[in-house]
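Now for the letters of each chain:
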Amino acid sequence: MASVRINARVDYAIRAVVELAAVAPDSMTADAIATAQGIPSRFLQAILTDLQRARLVTSQRGRDGGYRLALPASEISIARIMRIEQGFLAEVHGQRPEDVTYPGAAATLAPVWVAAREAYRRVLEGVTVADVVSGRLPEHAAELVAIDEAWRSFRS
């Protein structure tokens, strides 16, 4: 958990759901989503299958077919999509932060990872696909974005 990493699969899944939300209640073909967001088609097909299994997206075949959201965009958090594609929001060496223990002087490090995960979760659970489509983040996220340091990456 030393750094927050959003892998390509998660990024593409969120962008695909946002694209579908922007046209809801209409549908879009996988090719249209891929073109609109610059996502490789084969990769997108696998992601759409995951989203269908999780019942976030439905598909319809035929001339007017395509994919559409199965739920209102206001009910789909960014965290929900991330969990579909990567499992836990945060992990330390493949474990949940609350399952990690350290000996000696580092014992208090585990609660730091738990706190970091909670801060991350508060943002990702609190921002919905509808928020992203509207271009207006909830106040708690907007306040963080307004901090100048939030826009800079720090390296040691």
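Everything here concerns the structure above.
Report follows, based on the coordinates. This is a predicted model, so every value here is computed, not measured. (Residues numbered from 1 in each chain as written. Predicted model: local features only at pLDDT ≥ 70, side-chain atom pairs only at ≥ 80, totals over all residues. Heavy atoms only, no water.)

### Concerning the pattern of salt bridges
All chains considered together, the criterion is met by nine salt bridges. The residue Glu118 makes a salt bridge to Arg122 at a minimum N-O spacing of 3.2 Å. Of this pair, Glu118 and Arg122 both sit in helix H5 (residues 109–126), four residues apart, which is roughly one turn of the helix. The partly exposed category is assigned to Glu118, whose relative accessible area is 27%. Arg122 gets classed as exposed once you look at its relative accessible area, which sits at 56%. With a shortest N-O distance of 3.6 Å, Arg152 and Glu149 are connected by a salt bridge. Note on Glu149: relative accessible area 43%, which makes it partly exposed. A network of salt bridges, in which partner residues are shared, links Arg9, Asp50, Arg53 and Glu85. (Salt bridge = Lys/Arg side-chain N within 4 Å of Asp/Glu carboxyl O. Helix = DSSP H or I, 4+ residues; strand = E, 2+ residues; numbered from the N terminus. Buried < 20%, exposed > 50% of the residue type's maximum accessible area, 1.4 Å probe, protein only.)

### Some thoughts on a nonpolar patch on the surface
Taken together, the side chains of Leu137, Val145 and Trp151 present a nonpolar region at the surface, about 330 Å² in accessible area. Turning to its location among the elements, Leu137 is positioned in the loop between helix H6 (129–134) and helix H7 (139–145). Accessibility expressed as a relative area gives 39% for Leu137, which makes it partly exposed. (Patch = residues over 30% accessible without salt bridge, like charges linked within 9 Å, V, L, I, M, F, W, Y side chains within 5 Å. Areas by Shrake-Rupley, 256 points an atom, 1.4 Å probe, with all protein chains shown as cover.)

### Some thoughts on helix H1 (residues 8–23)
In this model, H1 (16 residues) spans 23 Å end to end at C-alpha, consistent with the 22 Å of a helix rising 1.5 Å per residue. Considered for burial, the residues of H1 that qualify are Val10, Tyr12, Ala13, Ile14, Ala16, Val17, Val18, Glu19, Leu20 and Ala21. One side-chain oxygen at the N-terminal end of H1 lies 3.1 Å from the backbone nitrogen of Arg9; it belongs to Asn7. (Expected span 1.5 Å × (residues − 1). Polar contact = N/O pair within 3.5 Å; in protein donor to acceptor, adjacent residues only side chain to side chain.)

### Here's the deal with the packing of aromatic side chains
Counting across every chain of the model gives one aromatic pair. Pairing Tyr12 with Phe43 gives two aromatic rings, centres 5.2 Å apart and planes at 90 degrees, and the pair type is edge-to-face. You can see Tyr12 sitting in helix H1 and its partner Phe43 sitting in helix H3 (residues 41–53), a full 31 residues away along the chain. Residue classification places Phe43 among the partly exposed positions, given a relative accessible area of 29%. (Phe/Tyr/Trp six-rings, centres within 6.5 Å; stacked < 30°, edge-to-face > 60°.)

### Focus: the pairing of strand S2 (residues 66–69)
Bridge count between strand S1 (residues 57–60) and S2: four bridges; the pairing is antiparallel. By the bridge assignment for S2, Val57 is matched with Leu69. Connecting the antiparallel pair S1 and S2 is a turn made up of five residues, with Gly62 showing a positive phi of about 110 degrees. (Pairing = 2+ DSSP bridges.)

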